[in-house]
Amino acid sequence: MDFKKLHQIEPGKSVKLKSIETKQGGPFKNKAEAVEFTADRNEKIRDLQYRMFVEQKQSLLIVLQAPDAAGKDGLIRKVLGQMNPQGCRTYPFKVPSEIERAHDFLWRIHQCTPATGMVSIFNRSHYEDVLVVRVEDLVPKKIWNERYEIINQFEANLVAAGTTILKFFLHISPEEQLERFKKRLDNPDKHWKLNTGDYAARDKWDQYREAYEDAIAKCNSKQSPWFVIPADNKWYRDASVAGIVHETLTQMDPKMPPVDVDLDEIRALYEREAAEQRS
Ligand code: ADP
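Residues numbered from 1 in each chain as written. Predicted model: local features only at pLDDT ≥ 70, side-chain atom pairs only at ≥ 80, totals over all residues. Heavy atoms only, no water.

Per an unreviewed UniProt entry, the protein chain is named Polyphosphate kinase 2 (PPK2), and its organism is Rubripirellula tenax. According to the UniProt record, the Sequence similarities (unreviewed entry) comment for the protein chain is "Belongs to the polyphosphate kinase 2 (PPK2) family. Class I subfamily." (UniProt positions renumbered as here; feature names shortened; annotations may be inferred.)

Trainee: Could you give an account of the nonpolar core, with specific residues and numbers?
Mentor: Ranked by size, the top nonpolar core spans 36 residues in total, and within it Leu60, Ile62, Leu80, Phe168 and Val245 carry the most contacts. Of all the secondary structure elements, the ones that give two or more residues to this core are helix H2 (31-55), strand E1 (59-65), helix H3 (72-78), strand E3 (119-123), strand E4 (163-171), strand E5 (226-230) and helix H11 (234-252). A per-element tally of this core places H11 first, with 8 residues. With near-sequence residues (within four places) excluded, Leu80 lies in contact with Ile62, Leu64, Leu75, Cys88, Ile121, Val241 and Val245. Listed in part, the 31 residues of the second largest apolar core include Tyr127, Ala211, Tyr212 and Ile216. (Core = buried A, V, L, I, M, F, W, Y, C linked by side-chain atoms within 4.5 Å. Buried < 20%, exposed > 50% of the residue type's maximum accessible area, 1.4 Å probe, protein only. Helix = DSSP H or I, 4+ residues; strand = E, 2+ residues; numbered from the N terminus. Contact = heavy atoms within 4.5 Å.)

Trainee: I'd like to hear about the pattern of salt bridges, residue by residue, with values.
Mentor: Under the counting rule described, the total for this entry stands at 25 salt bridges. In this structure, Asp68 and Arg124 form a salt bridge, with 3.2 Å as the shortest nitrogen-oxygen distance. In this pair, Asp68 sits in the loop between E1 and H3 while Arg124 sits in the loop between E3 and helix H6 (132-135), placing the two residues 56 residues apart along the sequence. A relative accessible area of 21% means that Asp68 is categorised as partly exposed. Between Lys78 and Asp238 there is a salt bridge; the shortest N-O distance is 3.4 Å. Here Lys78 is found in helix H3, whereas its partner Asp238 is found in helix H11, with 160 residues between them in sequence. A relative accessible area of 36% means that Lys78 is categorised as partly exposed. Among the ionic contacts, a cluster of salt bridges with common partners joins Lys16, Asp206, Arg209 and Glu213. (Salt bridge = Lys/Arg side-chain N within 4 Å of Asp/Glu carboxyl O.)

Trainee: Give me the packing of aromatic side chains: which residues, what numbers.
Mentor: Aromatic rings in a pair are described by how distant their centres are and how their planes are angled relative to each other. Taken as a whole and assessed by the stated rule, the structure comprises 12 aromatic pairs. On the basis of an interplanar angle of 55° and a centroid distance of 5.5 Å, the ring pair of Phe3 and Phe37 is categorised as tilted. With Phe3 in helix H1 (residues 3-7) and Phe37 in helix H2, the pair connects residues that are 34 residues apart, well separated along the chain. Taken as a pair, Phe3 and Phe37 share a single burial class, namely buried. Where Phe93 meets Phe122, the ring centres are 5.0 Å apart and the plane angle is 80°; that geometry is what we call edge-to-face. Remark: Phe122 occurs in strand E3 and Phe93 occurs in the loop between strand E2 (88-92) and helix H4 (98-101); sequence separation between them is 29 residues. Assigned by exposure class, Phe93 and Phe122 land together as buried. Put simply, the rings of Phe3, Phe28, Phe37 and Tyr236 touch in pairs and so form one group of aromatic residues. Across from the ring centre of Phe105, 4.6 Å away, lies the NZ or CZ of Arg147, which sits over that ring. (Phe/Tyr/Trp six-rings, centres within 6.5 Å; stacked < 30°, edge-to-face > 60°. Lys NZ or Arg CZ within 6 Å of the ring centre and 35° of its normal.)

Trainee: Could you give an account of the sheet that holds E5, with specific residues and numbers?
Mentor: One open sheet holds the 5 strands; their spatial order is E2-E3-E1-E4-E5, and the pairing between them is parallel. The open sheet has two edge strands with one neighbour each: E2 and E5. When the angles between neighbouring strand axes are averaged without regard to direction, this sheet yields 20°. (Pairing = 2+ DSSP bridges. Axes fitted to C-alpha atoms, helices over the stretch in contact; angles between N-to-C directions.)

Trainee: Tell me about the UniProt feature "domain: Polyphosphate kinase-2-related" (unreviewed entry) in the protein chain, and please be specific about residues and values.
Mentor: Per the UniProt record, the feature "domain: Polyphosphate kinase-2-related" (unreviewed entry) sits at residues 35-255. Strand forms 14% of residues 35-255 and helix 52%; the C-alpha atoms that close the span are 28 Å apart.

Trainee: Pulling in residues and values, what's your account of the site of the ligand?
Mentor: Taken together, 14 residues lie near the ligand, and Lys72, Lys94, Val95, Arg124 and Glu128 sit nearest. Between an oxygen atom of the ligand and a side-chain N or O atom of Lys94, the distance comes to 3.0 Å. Between Arg108 and the ligand, the recorded distance is 3.1 Å, taken from a side-chain N or O atom to a nitrogen atom. Expressed as a share of its isolated accessible area of 570 Å², the protein-covered part of the ligand is 74%. (Near = heavy atom within 4 Å. Polar contact = N/O pair within 3.5 Å; in protein donor to acceptor, adjacent residues only side chain to side chain. Areas by Shrake-Rupley, 256 points an atom, 1.4 Å probe, with all protein chains shown as cover.)

Trainee: Can you lay out the packing of H2 against H11 for me, pointing to particular residues and giving the numbers?
Mentor: Between H2 and H11, the shortest axis-to-axis distance is 8 Å and the interhelical angle comes to 30°. Viewed along their axes, H2 and H11 adopt a mutual orientation that is roughly parallel. The handedness of the crossing between H2 and H11 is left-handed. Counted together, Lys31, Ala34, Val35, Phe37, Thr38, Arg41, Asn42, Lys44, Ile45, Leu48 and Met52 of H2 and Trp235, Asp238, Ala239, Ala242, Gly243, Val245, His246, Leu249, Thr250 and Met252 of H11 form the full contact between these two elements. A breakdown of the residues in the contact of H2 with H11 according to their chemical character gives 12 nonpolar, 5 polar and 4 charged. (Parallel < 35°, antiparallel > 145°, perpendicular 65-115°, else oblique. Left-handed = near helix turned anticlockwise from the far one by under 90°. Nonpolar A, V, L, I, M, F, W, Y, C, P; charged D, E, K, R; others polar.)

Written out as structure tokens, the structure is:
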């Protein structure tokens, strides 16, 4: 199953989120099949990530954007967080601090992009600066409108430096979101996630949708693609993202570096030590 082809938005095309299903099962007959697929891909992702970490030549940036309760945290826990933490970091981007606000909007972002061999996962990202900032009118239109091009240049710069970029929009329906808000209310362990702002954002669902559609359409290229992931089924969300990350790492084809020591010499050293220890 080519999940990349299935969910990648074609560069240069506009996107209408309303015409993309939020609930899909893809090729899976049931949840169990999808969970098995995800576990298999997680293992393969870990192996490829290890190779990339040792190879030290390229890096991977994964951007997650979504409405509240669409499952960024769950996806990180069940798929992306399964990578070896030695070579992987997750960065949540919240309301900018005073010092962050005193800089250009990419300042805090650039510090978190992956070094060679590493994976960075952005839980929210620079896209907030053309999403919440636009919908909530936090800066004038003239300012946020220029940011699409600035983002394109920034991402092109990362790609030129050897970073592969994957951007995921977790696509959830308002009905499923409300259902999840209810589950949070019913579960005391989830009460820390509750806030009134989530309900205020629901009143602006259409405005957010338009802002997402513009961000996806205006900042979408072959090198820095957007994927719209149907997220009403958590198991499909996990399986399709695991599939795309695995396909991407496979294409990146990280290789173990060539051996630059004399193996016979090392073997002889080992034999000498082992003989000494025996005697
Ligand atoms: P999350 O919802 O990601 O789990 P929070 O509940 O702490 O985490 O929400 C983070 C908040 O920070 C969101 O409401 C998001 O819109 C806001 N935010 C992130 N980046 C910016 C930004 N650049 N400007 C304004 N608000 C931002």
